[in-house]
Amino acid sequence: MAITPSEGEVVLVGAGPGDPGLITLEALRWLARADVVFYDRLAPPQLLDFTPAAATRVYVGKSSGEKGLSQEEINHRLIDAARAGKLVVRLKGGDPFLFGRGGEEASVLKAAGVSYRVVPGITAACGAAAWNGLPLTDRRLASTVAFVTAEEDPAHASGRVNWAALAGIDTVVLYMGVKTLDGVAARLIAAGKAADTPAAIIERATLPGQRVISATLKTIAQAAAAADIQPPAITIVGPVVSLAAQLDWRSALPLAGRTIVITRPADQSMRLRDQLSDLGADVLTAPAVEVRPAEDLAAVDAALRQIDQYAWICFTSAHGVAAFLQRAVSLGLDGRAFGGVKIAAIGPATAEALGRHFLRPDLLPHRYTGQDLAEEILARDGAPGGGRVLLARSDLAQPELPAALRQAGVVVDDVVVYRSVCPASLPVDVVAALAAGKVNWVTFTSGSTVRNFLALARRQEVALDGVKLASIGPSTSAALREAGLEVHVQAQPHTAEGLCAALLAAEGISP
Ligand code: SAH
């Protein structure tokens with residue numbers, strides 16, 4: 001266990017090359033404790049979800065051609081925050097000590113007497129190499145590797161790069177310098193590296209939309225320009241590049257080349273994201289629902305205080321379970337309070353959430369819909385003598401479940417335990433991918449994700465032409481049809497796994 005510093009300190013944290021999964025456990029541990037996070041453009045924004053809700057997040061820009069804060073300003077703000085007693089995380093793309101100015105920041109902190117630590121990260125070269133089946137060394141082809149900054153224009157170079165020495169290194173990795181690649185390649189050739197040495201430039205390595213252009217040292221700059229390669233991109237030069245043709249494993253995955261947008265709330269999207277990206281899809285997340293506490297808990301408290309009067313409590317989402325049981329704990333109750341009441345869960349994810357609180361549902365309907373849940377409760381208990389039923393749901397929950405129960409004469413208390421609200425906007429990468437016509441699928445997991453996503457898309461003026469829509473179940477599909485849209489697939493069963501399987505089937509891939 002770490003000790004909490006009584007005085008502030010700065011942790012220089014490597015965020016990895018882009019895919020949020022490529023971060024270290026140590027980095028996550030510091031992020032989870034941060035008071036302030038200063039993050040670069042290259043640090044994956046999804047990682048901010050791992051910081052405490054109360055943490056201050058400061059974007060410091062710093063991609064090429066973008067203003068952001070100046071290095072001096074960043075230095076000052078790091079020092080000020082640490083001196084104010086904060087735990088400051090300085091989150092940097094890749095590794096902080098590889099072309100990341102981590103050394104300069106550490107020097108400044110040292111001089112100011114501010115304590116700091118450094119957490120390494122997977123550098124872009126390693127990310128690009130792994131993702132594309134391109135080993136940086138290989139006993140058959142390469143025993144030496146060099147990481148070089150290609151940023152400097154060789155015509156006005158400081159002279160720090162020893163080109164002659166580099167020409168003798170088996171694998172040369174060029175960071176930065178998409179624009180100066182031409183001059184750098186010419187320098188390497190002039191220094192004696194064979195012009196026909198295989199070379200590849202990798203744009204947005206490990207990120208959705210990654211592109212790889214292969215050529216030779218002589219032709220790589222021209223090929224990159226022809227493909228309009230933009231930063232961040234990294235160039236790898238050496239015989240190992242030719243191995244990628246055999247060892248590339250990602251493009252063989254079933255969903256390679258497909259871009260899929262997930263609209264689930266951030267805390268629920270992880271599993272679906274992982275499943276789809278494990279199958280090779282480029283997954284973009286556009287959380288279309290944000291979960292907030294209910295504004296007024298009086299009805300929830302009243303229900304909890306007389307929990308024994310209910311024959312059943314129905315949960316229709318994992319959020320409902322979490323919010324309701326958290327409130328129960330706040331009122332001084334524990335699991336024993338639910339001993340006399342039967343519990344129903346609409347589907348496996350809700351049941352799993354109950355399981356985390358040592359509660360096992362008495363009923364999980366055969367099909368995971370509100371209508372089926374109502375029918376199976378009525379079939380068990382017989383209507384209308386089954387006693388009162390409590391529904392612990394969101395403010396936007398669907399009417400089918402209470403309507404079906406009430407119609408059978410059951411007294412229903414439908415209480416709001418959490419609210420779902422529409423986020424302010426769609427993420428920029430999602431808007432860009434939609435605008436460029438690159439999105440193949442958008443997946444929806446509730447009626448509110450549909451309504452919110454469509455409202456945001458309209459407001460941000462992006463169309464869904466040519467995009468296929470996947471729905472988790474009947475009420476989500478109904479929301480899509482109400483908006484005049486075609487539902488291309490509906491999951492069966494109505495779970496994240498079912499959604500994944502339906503999408504694979506629609507793509508003609510057997511799971
Ligand atoms: N500290 C970082 C490097 C920062 S310098 C690291 O260890 O990776 C920025 C350069 O890194 C970019 O210009 C590009 O050359 C490279 N880079 C960073 N992320 C990249 C990515 N996802 N794909 C390709 N190149 C990347």
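Counting restarts for each chain, with residues numbered from 1 along the sequence as it is written. Totals for whole chains, interfaces and linings use all residues, but because this is a predicted model, local features are given only for residues with pLDDT of at least 70 and pairs of side-chain atoms are given and counted only at 80 or more. Water and hydrogen atoms play no part in the side-chain values, which are based on all heavy atoms of the structure.

Undergrad: Mind showing me how you'd approach the overall build of the protein chain here?
TA: Strands here are runs of E lasting at least two residues and helices are runs of H or I lasting at least four, both read from the DSSP assignment and numbered beginning at the N terminus. Scanning the protein chain for helices and strands turns up 18 helices and 20 strands. Projected onto its principal axes, the C-alpha positions of the protein chain cover 90 × 55 × 45 Å. The proportion of buried residues among the 511 residues of the protein chain is 49%. In this analysis, two residues are considered to be in contact whenever any of their non-hydrogen atoms come within 4.5 Å of each other. In the protein chain, 69% of the contacts between residues at least 6 apart in sequence involve partners at least 24 apart. Total accessible area on the protein chain is roughly 23,700 Å²; 53% of this is exposed by carbon and sulfur atoms. For the charge count, each Lys or Arg is scored as positive and each Asp or Glu as negative, with His and the chain ends excluded. In this description, the location of a charge corresponds to atom NZ of lysine, CZ of arginine, CG of aspartate or CD of glutamate. Charge-centre separation for the protein chain: the mean point of 47 positive side chains lies 2 Å from the mean point of 51 negative side chains. Per-residue accessibility, obtained with a 1.4 Å probe over protein chains only, is compared with the maximum for each type, and a residue is labelled buried under 20%, exposed over 50%, and partly exposed between these values. To measure how exposed things are, a 1.4 Å probe is used in the Shrake-Rupley method; for residues, cover is taken only from the protein chains shown.

Undergrad: Help me understand the site of the ligand, please; the structure alone is not making it clear to me.
TA: Throughout, near means a residue has at least one heavy atom within 4 Å of the molecule or strand. Around the ligand, a shell composed of 17 residues is seen, among which Leu98, Thr123, Met176, Ala205 and Ala233 lie nearest. Polar contacts, as used here, are pairs of N or O atoms within 3.5 Å; protein pairs need one atom able to donate a hydrogen and one able to accept it. Residues neighboring in sequence count only if both atoms are side-chain atoms. Within the contact set of the ligand, a nitrogen atom lies 2.7 Å away from a backbone nitrogen or oxygen of Leu98. In the model, a nitrogen atom of the ligand is placed 2.8 Å from a nitrogen or oxygen of the Ala205 main chain. Taken by itself the ligand offers 540 Å² of open surface, and the protein chains cover 92% of this. For the shell around the ligand, the class distribution of residues is twelve nonpolar, three polar and two charged. Each residue gets one of three labels, nonpolar for Ala, Val, Leu, Ile, Met, Phe, Trp, Tyr, Cys and Pro, charged for Asp, Glu, Lys and Arg, and polar for the others, Gly among them.

Undergrad: Even after reading the chapter, I still don't get the sheet that holds strand β7 (residues 171-175), so can you show me in this structure?
TA: Adjacent strands of a sheet pair through backbone hydrogen bonds, lying either parallel or antiparallel. Each pair of strands is called paired provided DSSP finds at least two bridges between the two strands. Here five strands make up an open sheet; going across it, the order is β6-β7-β10-β8-β9 and the pairing mixed. Since the sheet does not close on itself, it has two edges, and those belong to β6 (145-149) and β9 (211-216), each with one partner. Neighbour to neighbour, the strand axes of the sheet diverge by 20° on average, direction disregarded. Taken together, the five bridges between β6 and β7 define a ladder with parallel strand orientation. Looking across to β7, one finds that Val148 is bridged to Leu174. Between N-to-C directions, angles span 0 to 180 degrees; the directions come from axes that are lines fitted to C-alpha atoms, helices contributing only their stretch in contact.

Undergrad: When you look at a nonpolar patch on the surface in this model, what are you seeing that I'm missing?
TA: Within the patch definition used here, like charges are joined within 9 Å and nonpolar side chains (Val, Leu, Ile, Met, Phe, Trp, Tyr) within 5 Å, considering only residues with over 30% relative accessible area and no salt bridge. One speaks of a salt bridge when a side-chain nitrogen belonging to Lys or Arg is within 4 Å of a carboxyl oxygen belonging to Asp or Glu. Taken together, the side chains of Phe99, Val145, Phe147 and Met176 make up a nonpolar region of the molecular surface, amounting to roughly 290 Å² of accessible area. Relative to the helices and strands, Phe147 resides in strand β6. Given the relative accessible area of 31%, Phe147 is considered partly exposed.

Undergrad: Even after reading the chapter, I still don't get the pairing of strand β18 (residues 441-444), so can you show me in this structure?
TA: For a regular strand, side chains alternate in direction, first toward one face of the sheet and then toward the other. Burial along β18 is two-sided: Trp441 and Thr443 and Val442 and Phe444, pointing in opposite directions, are all buried. Pairing between strand β11 (residues 259-262) and β18: three bridges, direction parallel. Following the sheet pairing, Ile262 is matched in β18 by Thr443. As judged from the four bridges shared by β18 and strand β19 (residues 468-471), these two strands associate in the parallel manner. Looking across to β19, one finds that Phe444 is bridged to Ser471. Assignment of crossover handedness uses the view with strands pointing away from the viewer, where a clockwise path from the first strand over the helix to the second indicates a right-handed crossover. Handedness of the crossover is the feature at issue here: the chain leaves β18, passes through helix α16 (residues 447-459), returns alongside β19, and the resulting connection is right-handed.

Undergrad: Teacher, can you tell me more about unusual backbone geometry here?
TA: Glycine aside, residues mostly have negative phi, and peptide bonds are mostly found in the trans state. The omega torsion of the bond from Pro231 to Pro232 falls at 0°, within 30 degrees of zero and hence cis. Following the sequence through the fold, Pro232 ends up in the loop between α7 (220-226) and β10 (233-237). Following Gln492, the chain continues into Pro493 via a peptide bond in cis, with omega recorded as 0°. At Met176, a residue that is not glycine, the phi angle is positive and equals roughly 60°. Inspection of the secondary structure puts Met176 in the loop between β7 and α6 (181-190). Given a relative accessible area of 32%, Met176 falls into the partly exposed group. Although it is not a glycine, Asp228 sits at a positive phi angle of roughly 55°. Tracing the sequence through the fold places Asp228 in the loop between α7 and β10.

Undergrad: Which parts of the structure should I look at to understand the environment of His357?
TA: Tracing the sequence through the fold places His357 in the loop between α12 (348-355) and α13 (370-381). Sequence separation between His357 and Val237 is 120 residues; the distance between their C-alpha atoms is 54 Å. When neighbours within four sequence positions are excluded, His357 is seen to be in contact with Val321 and Leu325.

Undergrad: Just to check I follow, could you spell out the side chain of Asn132 for this structure?
TA: Among the secondary structure elements, Asn132 is positioned in the loop between α4 (124-131) and β6. Using a relative accessible area of 8% as the deciding quantity, one classes Asn132 as buried. Each residue touching Asn132, except ones within four places of it in the same chain, is listed here: Ile202, Gln210, Val212, Ala244 and Asp248.

Undergrad: Can you help me understand the environment of Ala506 in this one?
TA: Here Ala506 shows up in helix α18 (residues 496-506). Using a relative accessible area of 42% as the deciding quantity, one classes Ala506 as partly exposed. Separated by 38 residues in the primary sequence, Ala506 and Lys468 have C-alpha atoms spaced 9.9 Å apart. Residues contacting Ala506, with those up to four places away along its chain left out, are Trp441 and Val489.

Undergrad: Even after reading the chapter, I still don't get the nonpolar core, so can you show me in this structure?
TA: The nonpolar side chains of a soluble globular protein tend to be buried, and buried together. One finds Ile307, Phe324 and Phe338 to be the most contacted residues of the largest nonpolar core, which totals 27 residues. Those elements giving two or more residues to this core turn out to be α10 (298-305), β14 (310-315), α11 (318-330), β15 (342-345), α12, β16 (388-394) and β17 (412-421). By residue number, the principal contributor to this core is α11, which donates six residues. The residues contacting Ile307, other than those within four sequence positions of it, are Ile313, Phe324, Ala337, Phe338, Val341 and Leu390. In terms of nonpolar packing, the next biggest core, distinct from the first, is built from 24 residues, Val261, Ala286, Phe444 and Ala479 among them. By convention a nonpolar core is built from buried Ala, Val, Leu, Ile, Met, Phe, Trp, Tyr and Cys residues, the set being connected through side-chain atoms within 4.5 Å.

Treat this as a map of the structure, not an account of what it does.
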